[in-house]
Structures are given as C-alpha cells and as structure tokens.
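Here are the chains, one letter per residue:
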Amino acid sequence: MAPPLPPRHPVARSVVAVLFVGLLGGSWWLDRHPFASQVARSGTAAEALATFGFALTEVARARGVDFTHHQAHLDPLLANVEPHVAAMGAAISIADADGDGRPDLYATNSDFGHPNALWLQQPDGRFRDAAAQAGVADLNQEGEGVSMGSIWADIDNDGDEDLFVHKWGYPQLLRNERVPSGELRFTDVSSPAGLRRWMNSNGASWIDYDRDGLIDLYVAGYFPERFDLWDLKGETRIMHDSFEFADNGGHNVLWRNLGAGPDGLPRFEDVTARLQCDSTRWTLAVAAADFDGDGWLDLYLANDYGPEEFFRNVEGRRFELAGVGLSEDSKSGMSVALGDTRNAGTVDVYVTNISKNLYLFQGNNLRVNRLAEGQGFENVAREGVLVDCGWAWGSQFGDLNNDGWQDLVVLNGFISADREQDYWYDMSLVAGGAGNLFEDTRNWAPIGDRSLSGYERSRVLLSLQGRRFLDVAGAVGCLDLFDGRAVALADLRGRGALDLVVANQKGPLLVYENQVDPARDWVSFALEGTASNRSALGASVTLEWTAADAAGAKPADRTQTRVVDGGSGFCSQNERALHFGLGFGARITRAVVRWPSGHAQVLVAPGVRTRHAVREDAP
Amino acid sequence: MTGASPGATPVTAGATAPRRGLRLPNLPAKYYSVTLITLILVVGQFVGGIVGGFDIVATCLGLSLGLELLMGRLLRGAWPSLLSAYISGNSVAILTKPSGELLWPYAAGALISIASKYVLTYRNRHLWNPTNFSFSVLLLLAPGSMSLLSHQWGNGAATWVVMAVGLLVVWRAKVLPITLAYVAAFAALAWPRSLLTGREWLTELAPLTGPMYMLLIFFMLTDPRTVVRSTRGRVTVVVLIALLEALIRLLPQTDMRVLDPLLSAPAIFALAVVGPIAMVLDLKKEAAEKRARTSTVPVPA
C-alpha cells in the first residue's frame, strides 16, 4: 500500500470539506427544482379560466357515458405476469359514425364476453351506446381474441366511416352499411378483405401510401403472431429478449387497399415485404404523416424495448428505414403524438416513455422535425415534466386554450393495485439481466396484487408559446388517478373548444369537457377528399394568421400545421376535423390544404369561429 | 473506479507474469483497468449509445481530472496520477442515468467522487470507493434526478467480450479471487433468497449478467485503494458485501418501507456500508502491527 501522505494546509482541507458538504446539499436542492417549478398550483375552475384560459370538467356520466374497461385474462401459464402482460386494451377512437355531423366515440374492451361500446352523440350532447344494434359490440370472443384498439376510415369512399379493430386475435374490418332507414349497421368484411390473420397488435394507422385515393392500412404486431395468448401450448418464452434492443416482437403489416372485389366487398393485399416496411420491434404506436414534405405519407413507429423507427415513403414504391437520429436512442416508446410545437409549419413528434424515481429515467421525447433542413428529428425534451411524467402512455397535441399554441395531454400509470406493495424492485431484477432470462415469463417474479407505477395522474401540459410547457392538470381540473392508456381530442359539441376523451385500463371512460375563454378565436376545417381518400386521412392544413397573445396586445403573424389523424397517440384516433386555436383578434390570411393525393389547395382568408367544410378541388 | 491516491504503489503485473501460455505486455495492472473502462465506454456507446453524448464524457472526465489535479496539488503538494480520476470519470459517465438530459448529476457525481477521496479519509486513506460513494449519496439525495444504469446492453457478443477482458484484467491485477468470491457468494445466496421470496433462482441470479454488475465486480469491489490487505480479508469482505446485499434484497419481505430506496441498487449500498468498515478495521490492525513491530525492534546500544 502507498505510504500515507501527510495532510497539508489545514485551512485548505477545511475549505474543501465545506465545499464537499455544499456539493451534497446542492445536489439535494437541485433535485427538488426549487427555482423552476413546472407544475401550476390547483385552484378553482374560474381561476383556471382566468389564468390559463380554459378549465376541464369530467362529464362522462352526465352525458350518458357509462363504460368500464375489462382487462384480458390469459393462459394460466402467464398468471405470474398477467397483470403486467395484459395491461393494455383500453382504447378510444372518435369519428362521426352515423353521419349526423356530431363526433361519436368507440371504446374497446379486452376480456371475453365484455362488449365494446359505440357512443353516438345525440342532439342534446348526451351519448347513447348503439354498439350492439350496430354489430360492433361483441368482438371479444374466445377463439377470436380481444380488442386492443380501433381506427376509423371511409375504406370504400362511399361517404361513411368504416371501423377497423385491431386485436390480440383476428383483426376485424367492419364496413359501415348505408341502411335506408337510417339505422346504423356494420358488416364484418375481414375475411373477404383478406385481413383475417392472427396478430397480437397494439397499434394501427391508416395511410394512403400510394396516393391512389384508397386508404391503406398499417398494423403493428406487438407479441409475435405465433402466440395465442390464451393457449400458449406450454410456451413461456414470449417476452422481449432485450429491454433496449428487442426485435423479437410481432411482424408489422402494410395492407394495400385494392378497392372492391367482384362481390362489391373490399379487398386488401399484404405488401409489407415489397414495400420494405416490416419491423419486428415491439411496436406500440404508429402515426402517418408527410413528415419530410415530399408529398408522400411516411410512417413513424414507437417501439417498446427499442428505438423509434421512421419509415420514409419513397414515392409509394417502397419505404426506407431512415437514419434520422432515432436508432441510438433506445427507450420504451408507447405513443406517437403529432403536433407543430413551435408553430414552424412542421410535424413534430412526442413519444412517451417510462420514468420512475431511483430506478429508471427513460424520459419522454419531444422530437422537433428538422427534415426540411436536411437533418433528422431533434429531441428537445431536456428536463422537467415534459420529460418525466411517470409511466407514460397515450398522448395528444391540441390547442386546449385557443391561444394559438398546441398543448399536450399525457396519460400515465401502469398498474394501480395495492398501494403499499410495489413491483419495481422485482422488475429491476430481471431487467438488469441477460435477455434470454427475461424472455421467459417463468423468470419473472409473480406480480400478484402489487402496483407498478400505479396511481399516477394525467398531465395537461400547457405550451408557453412553444418555449416550454407548464403542467396545469391539477389547476384546470384533470385530477383522476386511473391507469390512463388512450386519449383522443375532439370538439364534441362544436363550441370551438377541444374536449378530452380518456380510456383507462380497468377503469372508466372519461369525458373532460373543455370550457375556454370566449374571447379567444378559433377555426376548424372538416376535410373531404375526392382524388384523395374521402376521409382525408393524412391531409394537412397549414394556417397563416395574425393574432395577439392577449386582448389589446399587438398582433403578430403566426403559422401552424395540423394533420388529419388516421390513428395516433396510443390506441387512439382524434376527431377528423382539424381545430386551430387562434388567440385574440385573429385574422386568417390563408389556409393551405395538402391532400394525400399530392394536391395543394389554398383557402384565402377563411373566417374565424367557424368550422369550414372543405372538399378537395383536384381534378 | 479505482481510487488510487497519488503516490500509491502500483500493482505491477509484469513482475509475476506467467512465462508460459498467455503473454501480455509488461504493464502495471492499472493500465489494464484503464483499457477496460475505455473499452466498456466505447463498446457501450457503439452498441447501445449508453453514454449519451460527448458533452457527458467531457463533463465527467473534465471535472474528475481537473478536481484531482487541484486537490492533489492543494492538499498534498504534489501532482497526482490521473489514472484513478480517469476511471472514476468514465464510470460516472457510464453508470449515471439522470432524468431527461440533466447534466448536473454527472457533474455532481464526478465532483463528489473525487472530493470524497480527499475529505472522507482515515489515517490519510480514503475509505470509500469514490464512485461507490457518489452513487450512494446521489441516489439518496437526488432520487428524482438520478438513477443508475440498470438495463442490459443487448444480446450480442459485446457483453461477453467485456466480461472476458474484465476477467483478464482482474487476473493481471491479482484481484481475481475478489471477483470470483463475490460472484460465488452472490450465486450461493441467491438460492436461499429464491426459497424465501418464491422467485426462481435464475431470477435472483439475473442481475449478475447485467452491465452494472460488470462494473461492480471488475472495478468497485477490486479497487486496490479501498480493499483490505490480505487475500483472505478481501474474500471475507466481499462475502460480507454479498451477504448484506442479500439482506437488502429481502427488504420487500419486511415492513421496513423506509429502506426501500436501497432496493434501487442493493450492491452499491452494501459496498458503501461494508467497505469503509472493513477499511477502518484493516487500517487499525495495520497500525497496531506497526506499533508492535516498532516495540520489538532492538534499540542499538
């Protein structure tokens, strides 16, 4: 051993000791962020309205929505991990199913015998469950699988919205029939359409990748499709083989819409291999948009246990997995939300991940789109509540207070069970080990009734002019602690305010009605494709307007882009119409619609406080 | 994660290097440690981007090396060797996983590691492995900002390459018994833990196969400046560390919720408790032995 050196400079030693203690104290102080709180204090609705320009009220029961999600019960072989494995399936999609001009809600259930619900909005704003009569309720049957999510599109361009339900099991395509009596009825056309293929899917999105006007379908596999999770035939090696680089998940599939067959029923063709857009990462979320502005819709995937993937559409001929700064940033992607966060006219991406004090900080990503600058996606989520929401799931962008900046809603919480018993340590045991250990569910400790990041509240992140976000959830009235999964936004009653619909795992469907400061302007656009798919999924509107940040303030020029949602977030789909908050004293210069057909259409000076119905004017 | 103080006598591998079989360059063992930590950094970054960015490495290394120079000159009047600080800086860069893109946990980790060597001393020897100390206190003081690398690197060959090189390094440094004793004790104690918790034995063994444990068994446990002198003593200490770690891992079977933070890094906390106690006892024993030798030396007439 080294001969000990005599201490020198006792004063210096004392100074160093004091600085050392200061280092420790400073770390403690910094951890608590005393100087930059990013969470607004709770208050009354009136205070929220005055301070933030909006307030939320949960009105599900009051509007007639009474729905509770039921979770799947799987092969007894998975009993030790079933609360974990089966903790998905609460999903929500919004579309005008009955064509009455009012948004309707479709919510999924995930246990055999428990029906899905189609809540049709009535003229008085209340909702009525018409799923059973319409034939879209009893989709969760033994041997057929259970629902994990749904997306709407007019697959045959006949003017009504059809429904696709992706499942752990056989996916179902339900065609909306035009019944002369006005009764809403759907027919299962999965088999003739060529879609009856067992998948364990937790994500799907519509994308007209070839611009032929027929909407195509991208479905993401999560668990490998060879597994029937109710009958594993003794197989327990079903899990991911890495927590950061797993690629042993299910295959993703791109189905091309071929139009109607000789029998008049829709036909789809699997073009995944030809288009080179497969992935066996554990994809949980998909969104389609023209991210690079080349006029072709691309795909953005959030993968659990692995990096995100961006498939660039090469003129409808193939997709290429583009190196855009995603491949080295491996996390647990849960959700893909699209928004123009800087009012720069770009489609940025927010991907949720997992964070838990002491154990894991994966952090959510806010990826600013710099593709037009010849770069990739830049993650600008650095710290605070934007990064660490807990175990985050569904998310969506929307201007909740009509100030002209897109805000963000993030749902959180994985398994809320016994508050006193926690599973994080048990999970960390296998998570730190070799992949072939935790690939086998037998090596996972029984979770029992323990919680895993349970009782985490939702976040409502108010954009402060695109510079940073402030969590105002508690202040504006979003206080529930359910295990949130899917969130979709819609102006449910046509009031110029975006409402929230939240699907909770093993919990109730919630409807948060939004009350916005009436002094703030807004506009929305309901698009209908002609050369493009009739639902206009994938179309974007870039709005240019002039408005002030506050009443009486000097107006400034603004630009913002929104995309018609073919499925995004986590297992959710927003209302078709695009809502723009505008701020005070707004005057719109123009709106540029970029249709999936590649056609651009300019609307000059459309009026504010109006929903504009826009029909594609392409030849 | 060695914490060799300036002036420490390096463990020289060349003096006893085997003449037959595997022949390695005749270098002091700490150079092999430096090579290994660099290998882990580079492979980890290449395979999985585990470090995150140049700014992180620059912060950790810059602060570690800078503070080492400053402290050495200021407190001991000599320019210190920087190998130890280099290893500490790299270890902080690899193992620290902060919330978001916070940089300060890296900076704090690097500064606390180096400073602890000069502040927390006994008989002019530091007691804690520097990074072990900084990780322990930061996990307790800043749980909302700081976690340790807990995931695995993937299933490729890189893990096994690092493992093989690590074993080679600890063999050259003559601390292989420490590594093997700890692994054996962990594996053995996993069995009763398995029985008590109802988990599979493989589940209890799983952490050993992760990168955090590689850094633990190749660097922290074998830090030549914070291990006791005798081989038997070293083996005893790591067995005690494994034992305390096993007890920490059994905390969920108790009602002691206040100790739950220890579950986030049981081995780190076990080393932080057992290591310094062993060092104090060893230093006391060394002093007593020195006094005894002095008293028995015949005084020349």
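Residues numbered from 1 in each chain as written. Chains lettered and ligands numbered in written order. Predicted model: local features only at pLDDT ≥ 70, side-chain atom pairs only at ≥ 80, totals over all residues.

### What to know about the overall build of chain A
Counting secondary structure elements, chain A contains 9 helices and 41 strands. The globule rule puts the C-alpha radius of gyration for 619 residues at 25 Å, and the 24 Å found for chain A is close to it. Its C-alpha atoms give chain A principal-axis dimensions of roughly 95 × 70 × 50 Å. Within the span of chain A, comprising 619 residues, buried residues form 59% of the whole. Counted over contacts in chain A with a minimum sequence separation of 6, partners at least 24 positions apart contribute 63%. (Helix = DSSP H or I, 4+ residues; strand = E, 2+ residues; numbered from the N terminus. Rg over C-alpha atoms; globule rule 2.2 N^0.38 Å. Buried ≥ 20, exposed ≤ 12 C-beta atoms within 10 Å, placed from the backbone. Contact = placed C-beta atoms within 7 Å.)

### Observations regarding the overall build of chain B
Of regular secondary structure, chain B possesses 11 helices and 4 strands. Looking at chain B residue by residue over its 301 residues, the buried ones come to 51%. In chain B, the proportion of contacts linking residues at least 24 apart, taken out of those at least 6 apart, comes to 75%.

### Observations concerning the sheet that holds strand E3 (residues 104–107) of chain A
Residues and elements named next belong to chain A. One open sheet accounts for 5 strands, arranged E5-E4-E3-E2-E38; its pairing is mixed. Each edge of the open sheet carries a strand with a single partner, namely strand E5 (127–129) and strand E38 (572–573). Strand direction decides the pairing type here: strand E4 (residues 117–121) and E5, joined by 3 bridges, are antiparallel. When the sheet's bridge partners are listed, Gln 121 is paired in E5 with Phe 127. (Pairing = 2+ DSSP bridges.)

### Observations regarding the pairing of strand E10 (residues 199–207) of chain A
Residues and elements named next belong to chain A. The buried fraction of E10 is high, at 9 of 9 residues. Two elements, strand E7 (residues 162–169) and E10, share 2 bridges in a ladder whose sense is antiparallel. Along E10, the bridge assignment pairs Gly 169 with Met 199. Of the strand pairs in this sheet, E10 and strand E11 (residues 216–223) are connected by 7 bridges, and their pairing is antiparallel. Counterpart to Ile 207 in the pairing with E11 is Asp 216.

### Some details on the packing of helix H4 (residues 104–119) of chain B against helix H5 (residues 130–141) of chain B
If you want to describe how two helices pack, look at the angle between their axes and the distance between the axes. Residues and elements named next belong to chain B. The N-to-C vectors of H4 and H5 enclose an angle of 130 degrees; their axes lie 8 Å apart at closest approach. Between H4 and H5, the angle is such that the two are oblique. Every pair of crossing elements has a handedness; the one defined by H4 and H5 is right-handed. Of H5, the residues touching H4 (which contributes Pro 105, Ala 108, Gly 109, Ile 112, Ser 113, Ile 114, Ser 116 and Lys 117) are Pro 130, Thr 131, Phe 133, Ser 134, Phe 135, Val 137 and Leu 138. Classifying every residue of the contact of H4 with H5 by side-chain character gives 9 nonpolar, 5 polar and 1 charged. (Axes fitted to C-alpha atoms, helices over the stretch in contact; angles between N-to-C directions. Parallel < 35°, antiparallel > 145°, perpendicular 65-115°, else oblique. Left-handed = near helix turned anticlockwise from the far one by under 90°. Nonpolar A, V, L, I, M, F, W, Y, C, P; charged D, E, K, R; others polar.)

### Quick look at the sheet that holds strand E18 (residues 318–321) of chain A
All names here are of chain A. Pairing is antiparallel in the open sheet, where 4 strands are placed in the order E14-E15-E17-E18. Lying at the two open borders of the sheet, with one neighbouring strand each, are strand E14 (282–289) and E18. Each strand axis lies, on average, 25 degrees off the axis of its neighbour in the sheet, ignoring direction.

### So, the nonpolar core
Formed by 278 residues in total, the largest nonpolar core has its most connected members in Ile 92, Leu 118, Leu 299, Val 336, Val 476 and Val 501 of chain A together with Leu 111 of chain B. Considering every element that reaches this core, the biggest residue donor is H4 of chain B, with 10 residues. (Core = buried A, V, L, I, M, F, W, Y, C linked by C-beta atoms within 7 Å.)

### Focus on the packing of helix H3 (residues 83–95) of chain B against H4 of chain B
Residue and element names in this part refer to chain B. In the contact formed by H3 and H4, the axes pass within 9 Å of each other and the chain directions differ by 150 degrees. Comparing the axis directions of H3 and H4 gives the class roughly antiparallel. Of the two elements, H3 crosses H4, and the hand of that crossing is right-handed. Contact residues: Ala 85, Ser 88, Gly 89, Val 92 and Ala 93 in H3; Tyr 106, Gly 109, Ala 110, Ser 113 and Ile 114 in H4. Of the residues in the contact of H3 with H4, the class split is 6 nonpolar, 4 polar and no charged.

### Brief notes about the interface of chain A and chain B
Note: interface size is frequently given as the accessible area lost on complex formation between the parts. Every contact between the two is made by 54 residues of chain A and, on the other side, 57 residues of chain B. Put simply, the parts of the chain that give the side of chain A that touches chain B at least two residues each are helix H1 (10–31), strand E23 (360–361), helix H7 (424–431) and helix H8 (435–438) of chain A. Per element, the largest residue contribution to the side of chain A that touches chain B is 11 residues, and it comes from H1 of chain A. In the side of chain A that touches chain B, the residues fall into 30 nonpolar, 13 polar and 11 charged.

### Section: the environment of Val 146 of chain A
All names here are of chain A. Counting through the fold element by element, Val 146 comes out in strand E6 (residues 145–153). The class for Val 146 is buried, based on 29 C-beta atoms found within 10 Å. For the pair Val 146 and His 114, spaced 32 residues apart in sequence, the C-alpha separation works out to 9.2 Å. In contact with Val 146, not counting residues within four places along its chain, are Ala 72, Gly 89, Ser 110, Asp 111, Phe 112, Asn 140, Lys 167, Trp 168 and Gly 169.

### Considering unusual backbone geometry
Residues and elements named next belong to chain A. If you check the backbone angles, Gln 276 has positive phi at about 60 degrees while not being a glycine. Relative to the assigned elements, Gln 276 resides in the loop between helix H6 (272–275) and E14. Residue class for Gln 276 comes out partly exposed when judged on the 15 C-beta atoms lying within 10 Å of it. We note that Asn 402 has phi near 55 degrees; this positive angle belongs to a residue other than glycine. Along the polypeptide, Asn 402 turns up in the loop between strand E26 (392–398) and strand E27 (407–412). Judged by the 28 C-beta atoms lying within 10 Å of it, Asn 402 falls in the buried class.

### Thoughts on the environment of Phe 54 of chain A
Topologically, Phe 54 of chain A is positioned in strand E1 (residues 54–58). Those residues within four positions of Phe 54 of chain A in sequence are excluded, and the remaining contacts are Ala 48, Leu 49, Leu 400, Asn 401, Val 476, Asn 514, Gln 515, Val 516 and Asp 517 of chain A.

### A word on helix H2 (residues 54–76) of chain B
Each α-helix turn comprises 3.6 residues. Residues three or four places apart therefore point the same way. The terminal C-alpha atoms of H2 of chain B, which comprises 23 residues, lie 31 Å apart, in line with the 33 Å expected from a rise of 1.5 Å per residue. Every buried residue belonging to H2 of chain B is among Ile 56, Thr 59, Cys 60, Leu 61, Leu 63, Ser 64, Leu 67, Glu 68, Met 71, Gly 72 and Leu 75 of chain B, and all of these are buried. At its buried positions, H2 of chain B is contacted by H1 of chain A together with H3 and H4 of chain B. Just downstream of H2 of chain B lies Gly 77 of chain B, where phi reads positive at about 70 degrees. (Expected span 1.5 Å × (residues − 1).)

### Details of the confidence of the model for chain B
All names here are of chain B. Taken as a whole, chain B shows an average pLDDT of 84; of its residues, 84% reach a score of 70 or greater. pLDDT under 50 marks residues 1–19. Its contacts with residues more than four places away, or in other chains, come to 66 contacts. Of the two predicted TM-score estimates for the complex, the pTM is 0.92 and the ipTM is 0.85. (pLDDT = per-residue confidence, 0-100.)

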